[in-house]
Amino acid sequence: MNLLKEYQEIFESNFEWEKFQGKTFLITGATGLIGSHIIKALCVLNKQFSANDQIRILAVARDEIKFLDI
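Scoring rules and cut-offs
Residues numbered from 1 in each chain as written. Predicted model: local features only at pLDDT ≥ 70, side-chain atom pairs only at ≥ 80, totals over all residues. Heavy atoms only, no water. Helix = DSSP H or I, 4+ residues; strand = E, 2+ residues; numbered from the N terminus. Buried < 20%, exposed > 50% of the residue type's maximum accessible area, 1.4 Å probe, protein only. Polar contact = N/O pair within 3.5 Å; in protein donor to acceptor, adjacent residues only side chain to side chain. Contact = heavy atoms within 4.5 Å. Patch = residues over 30% accessible without salt bridge, like charges linked within 9 Å, V, L, I, M, F, W, Y side chains within 5 Å. Areas by Shrake-Rupley, 256 points an atom, 1.4 Å probe, with all protein chains shown as cover. Salt bridge = Lys/Arg side-chain N within 4 Å of Asp/Glu carboxyl O. Expected span 1.5 Å × (residues − 1). Axes fitted to C-alpha atoms, helices over the stretch in contact; angles between N-to-C directions. Left-handed = near helix turned anticlockwise from the far one by under 90°. Nonpolar A, V, L, I, M, F, W, Y, C, P; charged D, E, K, R; others polar. Core = buried A, V, L, I, M, F, W, Y, C linked by side-chain atoms within 4.5 Å.

K.L.:
Tell me about the side chain of Asn46, residues and numbers included.
P.N.:
Tracing the chain through its elements places Asn46 in helix H2 (residues 33–48). The class for Asn46 is buried, based on a relative accessible area of 16%. Polar contacts involving the side chain of Asn46 include one to the side chain of Gln54, which spans 3.5 Å. If we ignore the near neighbours within four places in the chain, the residues touching Asn46 are Gln54 and Ile55.

K.L.:
Explain a nonpolar patch on the surface to me, using residue names and the numbers behind them.
P.N.:
Together, Leu26, Leu58 and Val60 line one region of the surface with nonpolar side chains, adding up to about 270 Å² of accessible area. Residue position: Leu26 is located in strand E1 (residues 24–28).

K.L.:
Outline the environment of Ile10, listing residues and values.
P.N.:
Within the fold, Ile10 resides in helix H1 (residues 3–11). Classification of Ile10 as partly exposed rests on a relative accessible area of 45%. Here the alpha-carbon distance between Ile10 and Leu33, two residues 23 residues apart in the chain, equals 18 Å.

K.L.:
Provide a residue-level description of the environment of Ile57, including the pertinent values.
P.N.:
Of note, Ile57 is situated in strand E2 (residues 56–60). Contacts of Ile57, omitting those with residues within four sequence positions, involve Phe25, Ile27, Ile39, Leu42 and Cys43.

K.L.:
Quick one: what's the story with H2, residue by residue and with numbers?
P.N.:
End to end, H2 covers 23 Å across 16 residues, agreeing with the expected 22 Å (1.5 Å per residue, within 8%). Taken as a whole, H2 has its buried residues at Gly35, Ser36, Ile39, Ala41, Leu42, Val44, Leu45 and Asn46. Elements that come into contact with the buried residues of H2 comprise H1, E1, E2 and helix H3 (64–68).

K.L.:
So, the packing of H1 against H2: which residues are in play, and what are the values?
P.N.:
Where H1 meets H2, the closest approach of the two axes is 10 Å, and the angle between their N-to-C directions is 65°. Between H1 and H2 the crossing geometry is right-handed. Taken together, the residues of H2 that come into contact with H1 (itself represented by Leu3, Leu4, Tyr7, Gln8 and Phe11) are His37, Lys40, Ala41, Val44, Leu45 and Gln48. Looking at side-chain class alone, the contact of H1 with H2 contains seven nonpolar, three polar and one charged residues.

K.L.:
An account of the nonpolar core is needed here, citing residue identities and associated values.
P.N.:
Formed by Tyr7, Phe11, Trp17, Ile27, Ala30, Ile39, Ala41, Leu42, Val44, Leu45 and Ile55, the largest nonpolar core amounts to 11 residues. Of all the elements in the fold, those that place two or more residues in this core are H1 and H2. In terms of residues, this core owes the most to one element, H2, which gives five residues. If sequence neighbours within four positions are ignored, Ala41 has contacts with Tyr7 and Phe11.

And the structure:
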């Protein structure tokens, strides 16, 4: 299954994702497995809830080249 579809299925659950709107997240290890998936999931949330109160993502990574591949 496509990861984007999986993220959307998760976001369509009963969890109150709207609470994330207007928040800022600092993600360390942005090029790692967990960090990169969190960033992708938050980006999907931004698209899904495309409101004025977007989620802000601050990402920290050691390798700029790897980070640009996310």
